[in-house]
Amino acid sequence: MPFYHKLGKIPPKRHTQFRKPDGSLYSEQLFGTVGFDGMYCNIYHEHRPTQVKQIKKQYSVAPKIASANNMLSLRLDGFAIKPEKDFLSSRKTVLTNSDCSIILAAPQESLRDYFYKNTDADEVIFIHKGSGKLRTFLGNIDFKYGDYLVIPRGIIYQIDFDSEDNRLFIVESRQPIYTPKRYRNWFGQLLEHSPFCERDIRKPEQLETYDAKGEFLVKVKKNDDIFEMVYATHPFDVVGYDGYNYPYAFSIHDFEPITGRIHQPPPVHQTFETTAMVICSFVPRLYDYHPESIPAPYNHSNIDSDEVLYYVDGDFMSRNDIKQGQITLHPAGIVHGPHPGAAERSIGKTETEELAVMVDTFKPLQVTEDGMKLSDGTYYQSWLE
Ligand SMILES: [Fe+2]
């Protein structure tokens, strides 16, 4: 996140002696992204964070591709994903390309038996159902319905759920996830026209520090393989850190919609960006107020981006027969738009209660076997009159 955060205890000067009460040194780690050009933080551990005992297992979790070159508009029934106990095995990749993956998950149990570290990708976990606590080596964040949890690559974490009824929409990005640059000033501060500001960003506030030795299992994802690594010290042994590279939460309910007299284009909904995709929030808002306005969107040919919409709540005015938890994929290269009757139906409406997350990817998405199982097979014909 492009603003400074400090948690726990740190020495007054970086890269200097920082001693424990017994006189020994804390172990400093520079944790950065994009080589030494990206955001980073300086972390202070009870023990050296390098103490690998063994790698117990290595196995692939690469998604199996059903359609490598897809030209069909698809509707996927996300709530048909079966709940599973384990957090990692519950995650089902439904759409993917070399930049990002769209994942659905319905985990039933808190992740407590091991720690997880995704070195391939930043993660955005959107909480559709459920609440709990994201626990990381850089501090904890409480979450609930409507939260985006942004977890930069390399953050070691566990996750606690308050109940078994959880539904997650997860975006993994191989490029760093940032808030849109056009909403930040020269210093990184969010500008007045930004649909959210620093007060809406929830940083980790509660540091769990364990000074413990033993056997600690960390499942590390690298190049779509999981490495089951056993460490000799507890991964949550951080006494303090400062910098810019840390997990945070932002609630979709804190996104302030930008509206106008006529239909506003999708970028007004933009919440996050990378060099390869954007994530947008469609939230309850007043409709366009020109006397002749058509609130439903116009047909559009996103000629060079695939469009994924995840329907969270409320009526989605441009679609007929859309339910909670469904995903639509409108692939690059063809035109899509409102369903028959939707434009007329929208005229005169003054507001919408719709809540949805959109992911536009600049490279085409492949449909996985898990994704294709959720498809109704006929959505691409739903514009026929
Ligand atoms: Fe669209």
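Residues numbered from 1 in each chain as written. Predicted model: local features only at pLDDT ≥ 70, side-chain atom pairs only at ≥ 80, totals over all residues. Heavy atoms only, no water.

Going by the annotation in an unreviewed UniProt entry, the name recorded for the protein is Homogentisate 1,2-dioxygenase, with Aequorivita viscosa given as the source organism. According to the UniProt record, the Sequence similarities (unreviewed entry) comment for the protein is "Belongs to the homogentisate dioxygenase family." Reading the Cofactor (unreviewed entry) entry of the UniProt record for the protein gives the comment "Fe cation". (UniProt positions renumbered as here; feature names shortened; annotations may be inferred.)

Participant: In this structure, what is going on with the overall build of the protein? I would like to understand it.
Facilitator: From N to C terminus, the protein includes 3 helices and 29 strands. Counting only C-alpha atoms and orienting by the principal axes, one finds that the protein spans roughly 75 × 45 × 35 Å. When burial is assessed residue by residue, the protein has 55% of its 385 residues classed as buried. Across the protein, contacts joining residues at least 24 apart in sequence account for 76% of those joining residues at least 6 apart. Positive and negative charge centroids in the protein, built from 43 and 52 side chains respectively, lie 6 Å apart. (Helix = DSSP H or I, 4+ residues; strand = E, 2+ residues; numbered from the N terminus. Buried < 20%, exposed > 50% of the residue type's maximum accessible area, 1.4 Å probe, protein only. Contact = heavy atoms within 4.5 Å. Lys, Arg positive; Asp, Glu negative; His and termini not counted. Charge placed at Lys NZ, Arg CZ, Asp CG, Glu CD.)

Participant: Even after reading the chapter, I still don't get the coordination of the iron ion, so can you show me in this structure?
Facilitator: Under perfect tetrahedral coordination by four donors, a metal shows angles of 109.5 degrees; under perfect octahedral coordination by six donors, it shows angles of 90 or 180 degrees. For the iron ion, the full set of protein donor atoms is His300 (NE2), Glu307 (OE), Glu307 (OE) and His336 (NE2), at a range of 1.9 to 2.7 Å. In this structure, the iron ion is coordinated by 4 donor atoms arranged in irregular fashion, with angles at the metal of 52 to 164°. Written as a sequence motif, the donor residues of the iron ion are H-x6-E-x28-H. Of the two residues, His300 is situated in strand 23 (residues 300–301) and His336 in strand 26 (residues 335–336); the sequence distance between them amounts to 36 residues. With a relative accessible area of 23%, His300 lands in the partly exposed category. (Donors = N, O, S within 2.8 Å, 3.2 Å for Na, K, Ca; no water. Tetrahedral: all angles 85-135°; square planar, octahedral: opposite > 155°, others 65-115°.)

Participant: Just to check I follow, could you spell out the state of the cysteines for this structure?
Facilitator: Simply put, disulfide is the name for a covalent bond between the sulfur atoms of two cysteines. For the structure on display, the rule yields 0 disulfides. Here Cys280 stays free of any disulfide, with the sulfur of Cys100 as its closest cysteine sulfur at 13 Å. (Disulfide = S-S within 2.5 Å.)

Participant: Is there a simple way to explain a negative patch on the surface in this structure?
Facilitator: A contiguous patch of negative charge on the surface is contributed by Glu109, Asp113, Glu164 and Asp165. Counting through the fold element by element, Glu109 comes out in the loop between strand 8 (100–105) and strand 9 (111–118). Judged by its relative accessible area of 36%, Glu109 falls in the partly exposed class. (Patch = residues over 30% accessible without salt bridge, like charges linked within 9 Å, V, L, I, M, F, W, Y side chains within 5 Å. Areas by Shrake-Rupley, 256 points an atom, 1.4 Å probe, with all protein chains shown as cover. Salt bridge = Lys/Arg side-chain N within 4 Å of Asp/Glu carboxyl O.)

Participant: Could you clarify how one ought to interpret the UniProt feature "binding site: homogentisate" (unreviewed entry) in the protein in this entry?
Facilitator: According to UniProt, the "binding site: homogentisate" (unreviewed entry) feature falls on His336. For His336, the contacting residues outside a window of four places in its chain are Tyr298, Asn299, His300, Asn302, Glu307, Arg319, His330 and Trp383.

Participant: What should I look at first to understand the domain arrangement of the protein in this one?
Facilitator: A common way to express how large an interface is: the accessible area buried when the components associate. Partitioning the protein into structural domains gives domain 1 (50–70 + 77–239 + 247–251) and domain 2 (255–368). On the domain 2 side, the residues contacting the 44 residues of domain 1 number 37 residues. With both sides pooled, the region where domain 1 packs onto domain 2 buries about 3,500 Å², and carbon together with sulfur makes up 61% of that total. Our enumeration of links across domain 1 and domain 2 arrives at 1 salt bridge. With its nearest N and O atoms 3.3 Å apart, the salt bridge here joins Asp99 to Lys363. The tally of links from domain 1 across to domain 2 stands at 20 residue pairs in polar contact (both at pLDDT 80 or more). Those elements giving two or more residues to the side of domain 1 that touches domain 2 turn out to be strand 5 (65–67), strand 7 (92–96), strand 8, strand 10 (122–129), strand 13 (147–151), strand 15 (167–173) and strand 19 (248–251). By residue number, the principal contributor to the side of domain 1 that touches domain 2 is strand 7, which donates 4 residues. A per-class count over the side of domain 1 that touches domain 2 returns 26 nonpolar, 13 polar and 5 charged. (Domains from an automatic or database assignment. Buried area = accessible area lost by both parts, 1.4 Å probe. Polar contact = N/O pair within 3.5 Å; in protein donor to acceptor, adjacent residues only side chain to side chain. Nonpolar A, V, L, I, M, F, W, Y, C, P; charged D, E, K, R; others polar.)

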